[in-house]
Each structure stands twice: as structure tokens, then as C-alpha cells.
Amino acid sequence: MSEQHTNDTQQADQTEGATPDDAQVLHLPVHRVEDTETETAEVIEGELVEPAQVDQPEKRQPGTELVRTEKRLPILPSWAKNVQEFREAARWAAGYTGHTVAFHAVRCPVYIARVLARVPRGSFRLIRGMAAWLTDSEGRPVRSASARREDAAEYLKLSIQRDHRIRARVLMTVGLGAAGIAAFLVGRAMLPEMVQWAIVAGAAGGLGWLGAPADKPIASRAVEATKVPKLTSDAVSRALSALGISQINQAMGKGGEGIGFPKPISRDGKGWRADVDLPYGVTAGDIMDRREKLASGLRRPLGCVWPEADNSEHAGRMVLWVGDQDMRKAKQPSWALRSGKQVDLFQPQPFGTDQRGRWVDLRLMFTSVAIGAIPRMGKTFALRELLLIAALDPRAELHTYDLKGTGDLDPLEKVTHVHGVGDDEAEIEKAVADLRGLREELRRRAKLIRDLAKQGLAPENKVTPDLASKKSLKLHPIVIGVDECQVWFEHEEYGEELAGICTDLVKRGPALGIILILATQRPDAKSLPTGISANVSTRFCLKVQGQTENDMVLGTSKYKQGVRATTFAWADKGIGYLVGEGSDAQIVRTVAGLDGPAAEKVAAYARALREKAGTLSGHAIGETLDTDQPDRKDTLLEDLLAVVRETEPKVWSETAVARLAELRPEIYGGWEVDQLTAALKPHGIKANRQIWGTDENGEGRNRRGFHRADIAEIVTERDRQREAG
Ligand SMILES: Nc1ncnc2c1ncn2[C@@H]1O[C@H](COP(=O)(O)OP(=O)(O)OP(=O)(O)O)[C@@H](O)[C@H]1O
């Protein structure tokens, strides 16, 4: 170190004395610069700009730091607040106690026999125990040990102690024995016989208990606890990683972030609930699509495993509910309306139960309903149940259409106002007449509500419970239920008209007390026109095959949001997604066991309620719908020929519509050009040709219209066919 210093000093001295000419390179001690970049870095002139920060520092929120956003958990668990659940628990406790008492009461003689059989062994054990106590047997091993060691002093000490102990115990036994004999004699003389027998029974019971082998209790077990495995985070993680989703496997692999459980797994109703944060990029929908595999991974029946998206959080949050029992086999709590209680359609009524066995209510008033599913999943049962609920409000007028024609809605015959079965022409024409009448009723109601609103009697411009109850106003609920509605909408001749009326009923009906319930097994654009599917406010979708049908019934983007009725299994009969007015989708099972005979019973109660209220009408009292209306097809063509003169070979549709309204305001009043186009289409007449004409200002223009000759040709042909027979 000092040597180095000397060298350095010499070199410095040489430098001082040197001239610029004989300058030489000196090796001065320098520190090595680590950063090689600085040696080569170019110097660029300019301002120093801070790099843009991607992650911004957390900004302080205005206001005090004490106020935080948090999710407060309910103080009382839901079962304690829910009357239904509380009642169910109380009913279970009473049932359990009753069963246990009855079970043991029946087996009493067996128990007595078992006790008596064990008394000798109990007596023997008692005597053996007393003898051991009297002879101080517990000290025997210690005394023997001291004898073996030949420790005389200790042995003597222990023997003296044993003698004292035995003397005291013998004295105590003699005293207690004498007292016992005295008590026995006194008791025998003075105690009532019942008490004496009770004492004997108690003594025998005690001896029997003493004599019982440890593995064979006297009483048999009244109930077998059905044990369901506890849901653990390990089980959930294992099941998720068996789904074959690569992001989950990565997350579960070495160095992965794993699967998050933001809340502890807890009991929820009759099952376990796990809130799961799935790995980045995995959505709840991905898991729902693999429900069957998930059930296999959890080693539970499919009907117990219910993954759902938690839309209140983020797309990767899943709520996994694993029931103790298969939802389709679990006993459903009894349906409050089965015994025919009168209902108010303005109030929510029990429609079905969720996975947890809680009733889910549905308010039929101010809504329209679409039910969709593949065949045999419980669509008709759901429709019939809704119609039965409606029937239990005696004010409601029912129009029931079973277009499949198998009589599924026949139980409602005794309460319904109009009843249609099958798809033959006469039935379809009856339906057309009925729906035309309903459209007129819709218009009447709209006008009446407007008038009532002006008088301050309809504050929300819709039917209120008071208004519906006033018979003079005729604003009672009208409920129309149509099973296999695609038969109507696909009808060659009347399809468009029926679809048009139904769209109107779906859009304007709910506010005016007209509720349309449509069920279809083929939910596509043709069987459920988009005008209807886009406007229904309550949707119930049992199992369907694909995303299109799913969204057709449940609403646009529902599949993407994780509401997937495609995940239901074939055995999930009556189980579907219910999307009510403004509420999140939930899984609901309709009332189980509400088959034909059960529905007949409910309908009989409903009829009794209607008889009392004096509201039975139409089909229920044997009246048939008056379908003797002019045939729209014939009249329309003839009416058009009447209003479009022969001198006008081509005419604008708007002109024809205005003239038709003048000719027959009761039929054509309010018709639009589109309606005329739709009505002419089944006849093969094009009413959307471009027709040159003169408008009200005398200017020439092209507008939509038709050729008079097209109509005349069809009428002539029809007349010719009629004449031919
Ligand atoms: N809530 C329920 N619980 C259990 N089973 C049910 C439930 N609802 C319906 N089912 C069963 O589902 C089966 C099919 O019901 P339903 O006749 O209503 O089906 P569907 O979809 O209307 O069939 P289709 O298209 O042939 O008319 C019935 O046998 C019925 O017992």
C-alpha cells in the first residue's frame, strides 16, 4: 500500500517538472467506470423529459380518510330474516322431535328387554367394582413392586396405609348399607307404589347401563345423518384445474398466482357457497360451459353443482354453489297456491324455487312472458303454472291456446274465457278473431286510460289495482297463454297478422292490463318474431341447444354475460333461467308435481273463487267465441276493389289505406301502410311496388303501392273456384 503511494508521488513529481514537448502518458490510478454506456453515449442537446408513467400514483380522494368504500355483510343471516326459511326450519325441528319420540316409543319394550338382559352383568360389574374398592386393589401393584424390590420399610408403610384405608371403607360400606336397608324398609312402607316402581326401574336401568357393552347402546339410532362432504378450497381448485382450461393450469402450475377465494367458503342455504376469482382471462361463462366436468371434478352429482357469474363484481368472479342435494331431486317446499288461495296479480306470486330451495316470486301484472326450451323440458308445465296463478285472481280473464293439441291446458277449461286446442284452420280462425277482438280491446283501454289519467284516476297512465277491480270500467287483467306459439307465427295466411297483433300486445298490453305469455320449443326469429322477443319483459328459458336460442329467449348478450341455459342437463326438467323485470337472471325450478290432476285441483279452487266473485265467463260457462266475423281475406280484397276504381290501374298504398278506413272504420281504422302490405303478402300481392303518382301538392313522386289488376285476378280466380264447387 505504502509502496504504491511512493510510486504515485514520484510520477506526480515527474509531471510537475516536464515541459509540454516531452509530455508522456502517465498511468494514474483511476476508478473503473462500470457503466460502459456512459463512455460511448452520445450527448444530445435538448430538454430532459420525464418518461410517461403507466401506473399513476394513487390520488388521494377528497374528504376524510375515515370514510371508506366497503361491502357490509348482513348482520343477520338470511334464514333468520326470511319467514319462509324460518318456518321451514321450525317445521323440520318439530318433525325431527316427533319422529325421534315416536321411534323410541315404539321400541320401548325392546329397550326394557335389553336393559333386563344386561342387569346381571351390570350387577356383577358393580359388585366387582365395590370389592376392588374395598380391598384397595388400586394400590396392589405398588405394594407388589416394593415386595419384589424387598424394600421392607416402604412395604410396611404401604401395608399400614392399605389397612387404614380398608378399615375406613368397610366402615363406610357397613354404614351406607345399614342406611340403605333402613331407607328401603321406610320407603317400602311409606312411598307410593308408583315411586317404588320408579326407583326399581331406575336401579335396573342403572345396572343395565353398567352392563351394556360399549359398542352396543341400549337405544337404536332414530335417524341416519346423511353426510355431505364439506366444500374446501382445495376441492374447488382441483376441480377447476381438471377442466382443461390452459390459463387455469398455468395459474395452478409452478410460479402461478393460483386461484383466488375472496371470501371464506361458507354455508348458504342447503349447500356451500364459494366465491372464486378465476385466473386472468378466464370468465365464469367458461366454467359454466364445463359444468358437467366441474361436477365430476368435485365428485358431486350434476344437479348439485351451480356455477354462476357475479356480475356485480368482475367477469372473472364466479359464485359456485354446491348443494347438499341434487336440485332436481331435492324436496321442494310446498307451493303456497296449491290449496287454491286467492291471489292478486298486482302482487308477486311464488313461481319456483332457486337452488337454495327459496321461493322466487314473479309479478304477472305489467309484464309479458316468453318461455323457451327444447321439447320435454317443462315448458308447458311452466306456462300452465303461470295460467293457474292467473286463474286464482278471479278478476283475470284467461285466453288459453294449446296449439300442440294434446290437451295440456285443458285443466284450465273450467275457468278460461277462450280456449283453443290444436292447429286446424277453424281453431286458427277462432284465434285470429279473438286476437282481433283483443286488439280492439287494447285500443279501447288505451283511450280509457288516457281519459282516466286526465281525471287524475290513472296517475301512471296504466291500470291500477283499483281500476282493475271496478267492473264498470272493464279494465280487469286479461291473460293470454299460448303454447307452441310458433304455430301461429308460421301460419302461411295469418302468421304476419297474428305476429303484428302479438307484438302490439307485448308492447302496449302490460300497461293496459293485458298479459301475453308465449311458449315455444323453437325459439328462432320465425317462431318468436324479433318484435316480440325484443319487447317481452319476463323471460324463462329452460334447456336450449345454442347461443342464438338462448339470447332469443333471455335477451341479447345474455349468453356472453354468462347466463347460459345451454348448460342445463337433460335431466334438469323444469329448471331454467328466469329474467324478470329489471332483475338479474336466476336459476329457478318451477313447481314440481303440478301435473294434469294437480292442475285440475287448483283450477277447481279457482273456479270456486270465480263463482263467488261472479266472474265466470265465455268457455267456462259453455259460451263459444263468436267467430262469425267477416272473413278478412275476402273482404279486404273486395274492399280494395271497391275503393280503387277500374280507371286507376296503379295506386299508392297510403291512398288505399285512407280509403279503406273511410269505407269500414271499425275494421281498417288506424291501419298503416305496412299492415296492408303484410295483409296482402299471403295472397302473393306485392304492395311495395314503386308507383308514380301525384301528391297532395300536385307534384309527381314515386311511392309504395300495388296494381289493381293483381287483386282483380285473385278475386276472379277465387270466384271461379267457388263456383266450380
Ligand atoms: N318443476 C318440475 N320438476 C320436475 N319435473 C318437471 C317439472 N316441470 C316439468 N317437469 C317434467 O318435465 C316433463 C316435460 O314437461 P312438459 O310437458 O311441460 O315439457 P314441454 O317442454 O312442454 O314438452 P313438449 O315440447 O313436448 O310440449 C314432464 O314429464 C314433467 O313431469
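Residues numbered from 1 in each chain as written. Predicted model: local features only at pLDDT ≥ 70, side-chain atom pairs only at ≥ 80, totals over all residues.

**Student:** Would you mind going over the overall build of the chain in detail, with residue names and values included?
**Tutor:** When helices and strands are tallied, the chain shows 25 helices and 17 strands. Across the 725 residues of the chain, 31% fall into the buried class. Expressed as a percentage of contacts within the chain between residues at least 6 apart in sequence, the contacts between residues at least 24 apart total 65%. (Helix = DSSP H or I, 4+ residues; strand = E, 2+ residues; numbered from the N terminus. Buried ≥ 20, exposed ≤ 12 C-beta atoms within 10 Å, placed from the backbone. Contact = placed C-beta atoms within 7 Å.)

**Student:** Can you explain the packing of helix α6 (residues 140–148) against helix α7 (residues 152–190)? Please cite residues and give values.
**Tutor:** Each pair of packed helices gets described by two things: the angle between the helix axes and the distance between those axes. Between α6 and α7, whose axes approach to 9 Å, the crossing angle comes to 155°. By the criterion of interaxial angle, the relationship of α6 to α7 is roughly antiparallel. As α6 runs across α7, the sense of the crossing is left-handed. Across the interface between the two elements, Val142, Arg143, Ser146 and Ala147 of α6 pack against Glu154, Tyr155, Leu158, Ser159 and Arg162 of α7. Per-class residue counts for the contact of α6 with α7 are 4 nonpolar, 2 polar and 3 charged. (Axes fitted to C-alpha atoms, helices over the stretch in contact; angles between N-to-C directions. Parallel < 35°, antiparallel > 145°, perpendicular 65-115°, else oblique. Left-handed = near helix turned anticlockwise from the far one by under 90°. Nonpolar A, V, L, I, M, F, W, Y, C, P; charged D, E, K, R; others polar.)

**Student:** Before we move on, could you go through the sheet that holds strand β15 (residues 650–652) and cite the residues and values that matter?
**Tutor:** Here 3 strands make up an open sheet; going across it, the order is β15-β17-β16 and the pairing antiparallel. Two strands close off the open sheet at either side, each with one partner strand: β15 and β16 (689–694). On average, each strand axis in the sheet is inclined to that of its neighbour by 60°, with strand direction left out of account. Where β15 and strand β17 (residues 700–707) come together, 3 bridges link them in antiparallel fashion. Directly across from tryptophan 652, in β17, lies its bridge partner glycine 705. (Pairing = 2+ DSSP bridges.)

**Student:** Outline the nonpolar core, listing residues and values.
**Tutor:** Formed by 122 residues in total, the largest nonpolar core has its most connected members in Leu387, Ala390, Ala391 and Val479. The biggest single contributor to this core is helix α13 (residues 379–391), with 9 residues. Domain assignment of the residues forming this core places at least three in each of domain 2 (233–323) and domain 3 (361–610). For leucine 387, the residues in contact, after removing those within four places along its chain, are Leu398, Thr400, Leu409, Leu412, Val479 and Gly481. By size, the runner-up hydrophobic cluster in this structure holds 17 residues, among which are Val643, Val644, Ala656 and Ile711. (Core = buried A, V, L, I, M, F, W, Y, C linked by C-beta atoms within 7 Å. Domains from an automatic or database assignment.)

**Student:** Residues and numbers for helix α24 (residues 673–680), please.
**Tutor:** Turning to α24, its buried residues number three or more, namely Leu676, Ala679 and Leu680. One side of α24 carries all its buried residues, which in axial view fall inside an arc of 95°. (Arc of directions from axis to C-beta.)

**Student:** How would you sum up the site of the ligand? Please name residues and give values.
**Tutor:** Taken together, 16 residues sit near the ligand, with Pro375, Gly378, Lys379, Thr380 and Gly574 positioned nearest. Considering only residue class, the shell around the ligand consists of 6 nonpolar, 5 polar and 5 charged. (Near = placed C-beta within 6 Å.)

**Student:** So what's going on with the sheet that holds strand β3 (residues 305–309)? Residues and values would help.
**Tutor:** Strand order across the open sheet formed by 4 strands is β1-β2-β4-β3, with antiparallel pairing between neighbours. Looking at strand neighbours, the two that pair on one side only are β1 (266–267) and β3, the edges of this open sheet. Pairing geometry for β1 and strand β2 (residues 271–277), over 2 bridges, is antiparallel. Across the sheet, residue arginine 267 finds its bridge partner in β2, namely tryptophan 272. Helix-sheet contacts for helix α12 (residues 291–298) involve β3 and β4 (317–323), and the interaxial angle to β3 is about 125°.

**Student:** Got a sec to walk through the pairing of strand β7 (residues 369–372)? Specific residues and values, please.
**Tutor:** Burial of the side chains of β7 extends over both faces: Val369 and Ile371 are buried on one face and Ala370 and Gly372 on the other. Here 4 bridges tie β7 to strand β11 (residues 514–520), and the two strands are oriented parallel to one another. Each residue of the ladder has a partner; that of glycine 372, found in β11, is threonine 520.

**Student:** Describe in detail the UniProt feature "transmembrane region" (unreviewed entry) in the chain, supporting the description with residues and values.
**Tutor:** As recorded in UniProt, the feature "transmembrane region" (unreviewed entry) lies at residues 170–188. The straight-line gap between the two end C-alpha atoms of residues 170–188 is 26 Å; of that span, 100% is helix and 0% is strand. (UniProt positions renumbered as here; feature names shortened; annotations may be inferred.)

**Student:** Which residues make up α7, and what are the values?
**Tutor:** One turn of the α-helix equals 3.6 residues, which is why residues spaced by three or four share an orientation. For α7, built from 39 residues, the straight-helix expectation of 57 Å at 1.5 Å per residue is met to within 8% by its first-to-last C-alpha distance of 56 Å. Summarising burial for α7: 1 of the 39 residues are buried, a small minority. (Expected span 1.5 Å × (residues − 1).)

**Student:** Go over unusual backbone geometry, please, and point to the residues and values.
**Tutor:** Phi at phenylalanine 366 is positive, roughly 60°, even though this residue is not glycine. Structurally, the position occupied by phenylalanine 366 is in the loop between β6 (359–362) and β7. What makes phenylalanine 366 buried here is the crowd of 20 C-beta atoms within 10 Å. Notably, asparagine 461 is not glycine yet its phi reads approximately 55°, a positive angle.

**Student:** Mind laying out the environment of lysine 558, listing which residues take part and the relevant values?
**Tutor:** Position of lysine 558 relative to the elements: it lies in the loop between α19 (547–554) and β13 (575–579). Once the C-alpha coordinates of lysine 558 and alanine 585 are considered, the two residues, 27 residues apart in sequence, prove to be 8.9 Å apart. Residues within four places of lysine 558 in sequence aside, it is in contact with Asn550, Asp551, Val563 and Ala585.

**Student:** Which residues make up the environment of alanine 251, and what values do they have?
**Tutor:** By the element assignment, alanine 251 lies in helix α10 (residues 246–252). Judged by C-beta crowding, with 22 C-beta atoms within 10 Å, alanine 251 ranks as buried. Residues alanine 251 and serine 241, 10 residues apart in the sequence, show an inter-C-alpha distance of 9.1 Å. Setting aside anything within four residues of it in sequence, one finds alanine 251 in contact with Gly256, Glu257, Gly258, Ile259 and Pro279.

**Student:** Tell me about the packing of helix α9 (residues 233–241) against α12, and please be specific about residues and values.
**Tutor:** Axis separation between α9 and α12 bottoms out at 8 Å; the angle between their running directions is 135°. Our classification of the angle between α9 and α12 gives oblique. The way α9 lies across α12 gives a crossing that is right-handed. Taking contact as the criterion, the partners of Ala235, Arg238 and Ala239 in α9 are, on α12, Leu294, Gly297 and Leu298. Looking at the contact of α9 with α12 residue by residue, the classes come out as 4 nonpolar, 1 polar and 1 charged.

**Student:** Provide a residue-level description of the pairing of β4, including the pertinent values.
**Tutor:** Of all 7 residues in β4, 5 are buried; the element is thus mostly enclosed. Inspection of the sheet shows β3 paired to β4 by 5 bridges, in the antiparallel sense. Residue pairing in the sheet places alanine 309 in a bridge with methionine 318 of β4.

**Student:** Account for the confidence of the model for the chain, naming residues and giving values.
**Tutor:** Residues of the chain with pLDDT of at least 70 account for 88%, and the chain-wide mean is 84. The model gives residues 1–41 a pLDDT under 50, and that stretch makes 6 contacts with residues more than four places away or in other chains. Within the model, pLDDT remains below 50 along residues 629–633, and this stretch shows 3 contacts once partners closer than five positions in the same chain are excluded. Interface predicted TM-score (ipTM) for the complex: 0.97; the corresponding pTM is 0.61. (pLDDT = per-residue confidence, 0-100.)

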